[in-house]
Amino acid sequence: AQACRLSCSLAAGSTAGEAPVLLWCFWQLSVRQRLEPDAAVDKASDPVENKVAWMDASWGRRAQAELSRWLQLEAAAALHRLRPLALQRWPGAAETTQATAGRYRKVLAVVRAVEAEGVCGSVGAFHAAVERFAMRSEGAWLKVAGGAKAAVLEALAGSSPSAGGRVALELGSFVGYSAVRLASAAAQPAAEPDGAEAVSVMTVESDPVHVAVARRFVDLVRMASAVEVQPGMVRDVLPLVGEGFGRFAPGFAFMDQKGTTFHIDHRLLDRLLLCPPGACVAADNVLRPGAPAYAWAVARPWEAPSLLRPALVSLPEFLEEAAGVEDWMAASRLSCRVG
């Protein structure tokens, strides 16, 4: 009780920028569950930056708390177009044309373009729509693992070990392009004991708006039963993978979040024993924009004993093939471990 009073008093004097950091500290110290849902720390937080609150609600499977986060986000950023599809059928949930904050103007343009092409229920049409938008976008800002990268990604995912490996793990969802590809490439969807289709891809995304976009597209192509989009930062969410799916569940991991943390996140994967021996770990954009520390580790396998047959694959950057722009995709397998 004293910790709760202290945390609330600290939050009351915090700014919108400081509150998410405080909340993350409380969550790390297991104080978060003592806070009331309407605590000052939540009210002071920017709903876009308060990533740990989204993660906490999703981790606990608290639908009402997630709805509350969404309404806060919608009110603060006017992101009505991203209203979850299920909510559109609720009373009073009519669509609005109110403009969104400039920060997400581009990603909302992707949503409008994809929905205008009528991709409902079609994975191929969804990928084609995203790629067409990427080709038309100014400066080719929409970066997805398409073209040759998509072929390599599917081949690596298909080589996951037979023991374990029920789930593909993606770190960095963005708009859900690769998550949908990985799920559709799964040969036979797993099944739960009750006969329901099990999740075959878990994808992690720190930006709540990108989470909403990815979930919307996953719903549009009718793969919500196969793809789970989990909000939160990678270092915080990875323990949830083992908790939700069991040890050695991810037979394939695709890192597409932030190149400067690839080596850190890979070590955490290894330390948590999430992936079975022989599991494949792939990383995109190792050359552009770059993951120098991870590239160094892959190029010097004798300094990383947990990696087997690491390789850097040279591939043309999607939509920049004609210009001869090169990128690298790193691929390696985890060694056998005891414990």
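The rules we used
- Residues numbered from 1 in each chain as written.
- Predicted model: local features only at pLDDT ≥ 70, side-chain atom pairs only at ≥ 80, totals over all residues.
- Heavy atoms only, no water.
- Helix = DSSP H or I, 4+ residues; strand = E, 2+ residues; numbered from the N terminus.
- Buried < 20%, exposed > 50% of the residue type's maximum accessible area, 1.4 Å probe, protein only.
- Contact = heavy atoms within 4.5 Å.
- Areas by Shrake-Rupley, 256 points an atom, 1.4 Å probe, with all protein chains shown as cover.
- Core = buried A, V, L, I, M, F, W, Y, C linked by side-chain atoms within 4.5 Å.
- Domains from an automatic or database assignment.
- Expected span 1.5 Å × (residues − 1).
- Polar contact = N/O pair within 3.5 Å; in protein donor to acceptor, adjacent residues only side chain to side chain.
- Pairing = 2+ DSSP bridges.
- Right-handed = clockwise from strand over helix to strand, strands pointing away.
- Salt bridge = Lys/Arg side-chain N within 4 Å of Asp/Glu carboxyl O.
- Axes fitted to C-alpha atoms, helices over the stretch in contact; angles between N-to-C directions.
- Parallel < 35°, antiparallel > 145°, perpendicular 65-115°, else oblique.
- Left-handed = near helix turned anticlockwise from the far one by under 90°.
- Nonpolar A, V, L, I, M, F, W, Y, C, P; charged D, E, K, R; others polar.

A. Quick peek at the overall build of the protein. What the protein contains, in helices and strands, is 14 helices and 7 strands. The proportion of buried residues among the 339 residues of the protein is 50%. Considering only contacts within the protein whose residues lie at least 6 apart along the sequence, 75% involve residues at least 24 apart. Accessible surface for the protein amounts to roughly 15500 Å². Of this, 57% is attributable to carbon and sulfur atoms.

B. Molecular detail of the nonpolar core. Counting residues in hydrophobic clusters, the biggest one holds 53 residues, and the most contacted among them are Val114, Phe126, Phe217, Met223, Val227 and Phe252. It is helix α10 (residues 208–220) that contributes the most residues to this core, 8 residues altogether. Mapping this core onto the domain boundaries places at least three of its residues in each of domain 1 (18–89) and domain 2 (143–334). For Phe126, the contacting residues outside a window of four places in its chain are Val114, Val119, Val175, Gly176, Tyr177, Val180, Phe217 and Val221. Residues Val204, Phe245, Ala253 and Val298 belong to the second largest nonpolar core, which totals 33 residues.

C. Representation of α10 in the model. Compared with an ideal rise of 1.5 Å per residue, which puts 13 residues at 18 Å, α10 spans 18 Å between its outermost C-alpha atoms and is within 8% of the ideal. Of all 13 residues making up α10, 11 are buried, and the element is well covered by its neighbours. Of all the residues in α10, the buried ones are Pro208, Val209, His210, Val211, Ala212, Val213, Ala214, Arg216, Phe217, Val218 and Leu220. Between a side-chain oxygen at the N-terminus of α10 and the backbone nitrogen of Val209 the separation is 2.8 Å; the capping residue is Asp207. Just downstream of α10, Arg222 is the residue with a positive phi angle, here 60 degrees.

D. Representation of the pairing of strand β1 (residues 167–171) within the structure. Extensive coverage of β1 is indicated by the burial of 5 of its 5 residues. Bridging between β1 and strand β2 (residues 201–205) involves 4 bridges; their strand directions are parallel. Each bridged residue has a counterpart across the sheet, and for Glu170 the counterpart in β2 is Thr203.

E. Examining helix α6 (residues 105–116) more closely. Compared with an ideal rise of 1.5 Å per residue, which puts 12 residues at 16 Å, α6 spans 17 Å between its outermost C-alpha atoms and is within 8% of the ideal. Inspection of α6 places Val107, Leu108, Val110, Val111, Ala113 and Val114 among the buried residues, and these make up the whole buried set. Elements that come into contact with the buried residues of α6 comprise α7 (123–136) and α10.

F. Structural view of the pairing of strand β4 (residues 250–255). In terms of burial, β4 is a largely internal element, 6 of the 6 residues being buried. Two elements, β1 and β4, share 5 bridges in a ladder whose sense is parallel. Considered in β4, the bridge of Val167 is made with Pro250. Pairing of β4 with strand β5 (residues 280–283), which is carried by 4 bridges, proceeds in the parallel orientation. The partner of Met255 across the bridge, within β5, is Ala283. Crossover handedness for the path β4 to helix α12 (residues 262–271) to β5: right-handed.

G. Representation of the pattern of salt bridges within the structure. Inspection of every chain in the model, using the stated rule, returns 13 salt bridges. Taking the shortest distance from any N to any O, the salt bridge between Asp327 and Lys149 comes out at 2.6 Å. In this pair, Asp327 sits in strand β7 (residues 326–334) while Lys149 sits in helix α8 (residues 148–157), placing the two residues 178 residues apart along the sequence. In this structure Asp327 comes out as buried when scored by relative accessible area, which is 0%. The exposure class assigned to Lys149 is buried, which follows from its relative accessible area of 0%.

H. Spotlight on the packing of α6 against α7. At a minimum axis distance of 9 Å, the contact between α6 and α7 shows a crossing angle of 130 degrees. The angle between α6 and α7 falls in the class oblique. As α6 runs across α7, the sense of the crossing is right-handed. Of α7, the residues touching α6 (which contributes Lys106, Ala109, Val110, Ala113 and Val114) are Phe126, Ala129, Val130, Phe133 and Arg136. Taken together, the residues of the contact of α6 with α7 sort by class into 8 nonpolar, no polar and 2 charged.

I. Structural detail: the environment of Val227. With respect to the helices and strands, Val227 occurs in strand β3 (residues 227–231). The exposure class of Val227 is buried, given its relative accessible area of 6%. As a C-alpha pair, Val227 and Val180 span 47 residues in sequence and 7.2 Å in three-dimensional space. The residues touching Val227, leaving out its near neighbours within four places in the chain, are Ala179, Ala183, Val201, Thr203 and Val218.

J. Representation of the packing of α7 against helix α9 (residues 177–185) within the structure. At a closest axis distance of 11 Å, the pairing of α7 and α9 adopts a crossing angle of 155 degrees. Relative to α9, the element α7 lies roughly antiparallel. Here α7 runs over α9; the crossing is left-handed. Within the contact between the two elements, α7 uses Val123, Phe126, His127, Val130 and Glu131 and α9 uses Tyr177, Val180, Arg181 and Ser184. Broken down by class, the residue content of the contact of α7 with α9 amounts to 5 nonpolar, 2 polar and 2 charged.

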